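# A closer look at the structure
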Amino acid sequence: MTAGKVSYRAPIAYAAIGLLSLIGFGLIPPSGRHTTFAISTPKDLFTIEPFTVPSKSTAIVFSLVALALAALAFWAARKRIRLGVWLPSVFGLCVLLAFLTWSAADKANSMPVTGLLQGSLFLAVPLVFGSLAGVLCEHSGIIDIAIEGQLLAGAFLAAVVATMSHNPYAGLIAAPIAGALVGLLLVLFAVKYRVDQIIVGVVLNVLVVGVTSYLFSTVLTAHRETWNTPPKLPVLEIPFLSRIPVLGPVLFRQTIIVYLMFAVVIVLQVMLFRSRWGLRMRAVGEHPKAADTVGIKVNRTRLRNTVLGGAIAGLGGAFFTVAAGLAFGKEMTGGKGFIALAAMILGRWSPKGALLAALLFGFADNLQVVLGIIGTPVPSQLMLMTPYLATIFAVAGLVGRNRPPASEGIPYVK
Amino acid sequence: MRLELRGITKRFGSLVANDAIDLVVEPGEIHALLGENGAGKSTLMNVLYGFYDPDAGQILIDDKVVDFDGPGDAMAAGIGMVHQHFMLIPVFTVAENVVLGHEPTGVAGVIDVAKARAQVKEISDRFGFHIDPDALIEDLPVGAQQRVEIIKALSRRAEVLILDEPTAVLTPQETDELIAIMRQLKEAGTSIVFITHKLREVRAVADQITVIRRGAVVGTVAPTTSERELASMMVGRSVELGVVKDAATPGEVSFSVRDLTVIDAAGVRQVDGVTFDVARGEIFAIAGVQGNGQTELTETILGLTRPTSGSITLDGEELVGRSVKEVLRAGVGYVPEDRSTDGLVSAFSVAENLILDRYDQEPFARGLALDPVRVRSSAVERAQEFDVRTGSVDDLASTLSGGNQQKVVLAREMSRPLRLLLASQPTRGLDVGSIEFVHRRIVAERDVGTPVLIVSTELDEVLGLADRIAVMYRGRIIGTVDAHTHRDVLGLMMAGVPHDEAVAQAAAHQTVLGQADRAVETSSEEDA
């Protein structure tokens, strides 16, 4: 009697990537080059001096550690032992460090580690809010393809309201309202008229692009000063904490929207899985009839949570204008809503997972910017693709077997 | 608590599902609601449970008129319901399912998990259910899931418990446990409305039996009423209980399955080394609880699934590796377990459905075109022969009742010369009249010398039809027995107990229904 076949797919992938890293970043490049990593920022409590390592041997060491992990994965697969997520995480980190050492070898600029992380978090903000919106909607049974539109609507209204009131915080309050309106339209068509939710979502995205682009090219362009010069959200430094090296600048030297993001993630993570509100919402998304038979109003639950989700995505939209200090521009969200959707799937429909996945995508996005500045051996066009490549690989390969809420996308009829 | 329904009427469009139904359930009474599939039992209970609004009539609790605006109100009034298809969320724990809708909460609406667990444990211990509050529903067997449903209703202080076809998914032993639970609940003062179409069960447990036919009450009788009488009340004419057939005269073995193993995409052995033979002119039945590999077995025989190893031969020809079309052309007639999704195209007409497997052959095809005149005339003949009750063969298959849909499937599969008839759940959800007809046709096919393979989860059907019975459990055939094996033995085998042990255990402990069986046997012997 044998159980199912042992799958060596993952260990083989690890070994292949580890070997490529060893050869490409370690063995082939010439020796004698050096890479400098910068850690500290001027305001830190104490300074960690930039340090320089020999590029070739460092890349080889990291690659060898990665290969050792691949060997461990083979052994575990053979013994049918589950190793948890630490293995792919540490493996990814090793290959990444080997890559960074190689790409910044003998460059005039050092590799700004803190800056890289800080930027990653910043770029992840709209993705986190977007995927949290998706988490809320899908757990209550509504597929939210309209995240892109909700982000864009939030960005637009935040810019206009902040400009008119000369107060970036007013923009921050206005943004969720715009997102909630898009959410309301989505749930209205999905629940009341039982239209296919994916189609409604796509149509809403097009609608928001159309409306905002029209207003942009007419009113916002003609009277730029009165309509579209939003003030920037100030950076709020948390006293003392912000001066801890590395952690301080990354976590505690941010605008309020980043702090809000962490708060929302924590609150949702707890409430979704531990509270009455969360239990009822998930019941509605899994088996609406069962929820109905214990007296839970299915469609009302869907309506409330989809609107709430829309508001959260709208808040994320404020990132593009008031948090980044930019004027509103046509289609300025540039597909971030869809990447947020991918982050939600990669994060397996949990707020915590969504945060981690969004950080991963934010990192890929920022890496491309940073490497562009310090100048890399990789063509910039390829680097521009990294966030999207990361998305495709993440969603297709790493997710494995996972389960969306069972009744998402299906209208509830008694 | 005394429950009374007065003149309940519920219409769906032109269909009158409930027609002025009166029903009284006294406190601490087990009241059976007996009727065929589609007679309106479930509709009535959904009205009582506040799920549907009645078009006319009143619900009275302790002689006071109540008005339910949804299941929440019904529950608050002390009515609990265990639905035929469980209303449990598979990815939630037992405790979460039980408290859903009336959660004990602490700060900020966070659920008090300890209290929820205690609620489950208290009721579970009181009735000896042995349910772990932290188990996920999807990991529990059906019998345990049903007990969770009962806990769910009791935790809401239900005084009237509605059980909708509770035995449909249970083995005889599990049914026995359920009957014990029902009696225990009755002792504790809970009234039970027991909905079923199984005569034997109602006579075993009910205090009162109300029979419903076509949405109206036929009468309320005592459980001493004979099965034959109950059946004729239920159907509206006298019916033959059981299957009328002569002893089989099996010929040579023509269909053989050898060491068949099917491993699915998830790596699970759905079919595990299955071997059996079916001879010409015999009905070989595979019994077992749903989900023990029967579906995979039939789909592999038809060629829908490729086996991992093993062989399937029909008259010496290997079927493994052939396409579905080739298998059908080799003379296999296939009645799938789910007629509405696998047996028919519901948006096609009856006539079109009757040629689904022969659309490209003479006489229905001429070159690239169909011959609509021939298709139609042949359909009219088939419909007549198989008693398909439809206004016209041009009606859509979706407009037919379940029984007539099944007759269409049978008509299609049995109107060509067969070398094997493979029928899965041939009478699931059918009314008594249709069941009689389907069984007669299957026996007739056997009598012309076709090997017949039946897969059924209904023990009554297996016992009535089969000449030999194999029991399937977790992908294996746990034993092959003759048709006179007692239902208690088969029930134990369906739960994975090997034959010899099952015989010993069944002798030591008889189930309520098993005793009823023995009583019937002795009385019929006396009659003879």
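Here the structure is a predicted model, which is why all the values come from computation and not from measurement. (Residues numbered from 1 in each chain as written. Chains lettered and ligands numbered in written order. Predicted model: local features only at pLDDT ≥ 70, side-chain atom pairs only at ≥ 80, totals over all residues.)

## Regarding the overall build of chain A
A count of helical and extended segments in chain A gives 16 helices and five strands. For 414 residues, the compact-globule estimate of 2.2 N^0.38 gives 22 Å, and the C-alpha radius of gyration of chain A, at 23 Å, lies within 12% of that figure. Seen through its principal axes, chain A has C-alpha atoms that stretch 70 × 65 × 40 Å. Taking all 414 residues of chain A together, the buried fraction comes to 48%. Restricting the contact set of chain A to residue pairs at least 6 apart, pairs at least 24 apart contribute 78%. (Helix = DSSP H or I, 4+ residues; strand = E, 2+ residues; numbered from the N terminus. Rg over C-alpha atoms; globule rule 2.2 N^0.38 Å. Buried ≥ 20, exposed ≤ 12 C-beta atoms within 10 Å, placed from the backbone. Contact = placed C-beta atoms within 7 Å.)

## A closer look at the overall build of chain B
If you tally the helices and strands in chain B, you get 19 helices and 22 strands. Taking 528 residues into account, the globule formula puts the C-alpha radius of gyration at 24 Å, and chain B, at 25 Å, falls close to it. Taken over the C-alpha atoms alone, chain B extends approximately 70 × 60 × 50 Å along its principal axes. Out of the 528 residues in chain B, the part that is buried amounts to 47%. Considering only residue pairs separated by 6 or more positions, chain B has 67% of its internal contacts joining residues 24 or more positions apart.

## Comments concerning the packing of helix α14 (residues 336–346) of chain A against helix α15 (residues 351–374) of chain A
Residues and elements named next belong to chain A. Interhelical geometry of α14 versus α15 gives an angle of 130° and a closest axis separation of 7 Å. If you check the angle between α14 and α15, you find them oblique. Note on packing geometry: the crossing formed by α14 with α15 is right-handed. For the pair formed by α14 and α15, the contact residues are Ile 339, Ala 343, Met 344 and Leu 346 on the first element and Ala 354, Ala 357, Ala 358 and Phe 361 on the second. Taken together, the residues of the contact of α14 with α15 sort by class into eight nonpolar, no polar and no charged. (Axes fitted to C-alpha atoms, helices over the stretch in contact; angles between N-to-C directions. Parallel < 35°, antiparallel > 145°, perpendicular 65-115°, else oblique. Left-handed = near helix turned anticlockwise from the far one by under 90°. Nonpolar A, V, L, I, M, F, W, Y, C, P; charged D, E, K, R; others polar.)

## Quick word on the sheet that holds strand β2 (residues 15–25) of chain B
All names here are of chain B. Taken together, four strands build an open sheet; the order of strands is β2-β1-β4-β5 and the sheet is antiparallel. The open sheet has two edge strands, β2 and β5 (64–66), and neither has a second partner. Neighbour to neighbour, the strand axes of the sheet diverge by 30° on average, direction disregarded. Inspection of the sheet shows strand β1 (residues 3–12) paired to β2 by seven bridges, in the antiparallel sense. Its bridge partner lying in β2, Arg 11 is registered against Val 16. (Pairing = 2+ DSSP bridges.)

## A few points about the interface of chain B and chain A
Listed as interface residues are 20 residues of chain B and, on the opposing side, 17 residues of chain A. Counted by class, the side of chain B that touches chain A contains 11 nonpolar, seven polar and two charged residues.

## What about the domain arrangement of chain A?
Residue and element names in this part refer to chain A. In terms of domain boundaries, chain A breaks down into domain 1 (9–106) and domain 2 (114–398). Just the C-alpha atoms count here: the centres of domain 1 and domain 2 sit 31 Å apart. Taken together, the 10 residues of domain 1 in the interface contact 12 residues of domain 2. When the residues that make up the side of domain 1 that touches domain 2 are grouped by side-chain class, the tally is five nonpolar, three polar and two charged. (Domains from an automatic or database assignment.)

## A few points about the sheet that holds strand β10 (residues 216–221) of chain B
Residues and elements named next belong to chain B. Across the sheet, six strands lie side by side as β6-β7-β8-β3-β9-β10; this open sheet has mixed pairing. Edge positions in the open sheet fall to β6 (79–82) and β10, since each of these has one partner strand only. When the angles between neighbouring strand axes are averaged without regard to direction, this sheet yields 20°. Strand contacts of helix α8 (residues 227–235): β3 (30–35), β9 (208–213) and β10, with the helix running at about 35° to β9, the strand carrying the most contacts.

## Description of the nonpolar core
Counting residues in each nonpolar core, the largest one holds 149 residues, and the members touching the most others are Ile 79, Ile 162, Phe 194, Ala 285 and Val 471 of chain B. Contact partners of Ala 285 of chain B, with chain neighbours within four places excluded, come to Ile 454, Ser 456, Val 462, Leu 465, Ala 466 and Ile 469 of chain B. Within the second largest apolar cluster, 89 residues are counted, among which are Cys 137, Ile 145, Leu 204 and Met 332 of chain A. (Core = buried A, V, L, I, M, F, W, Y, C linked by C-beta atoms within 7 Å.)

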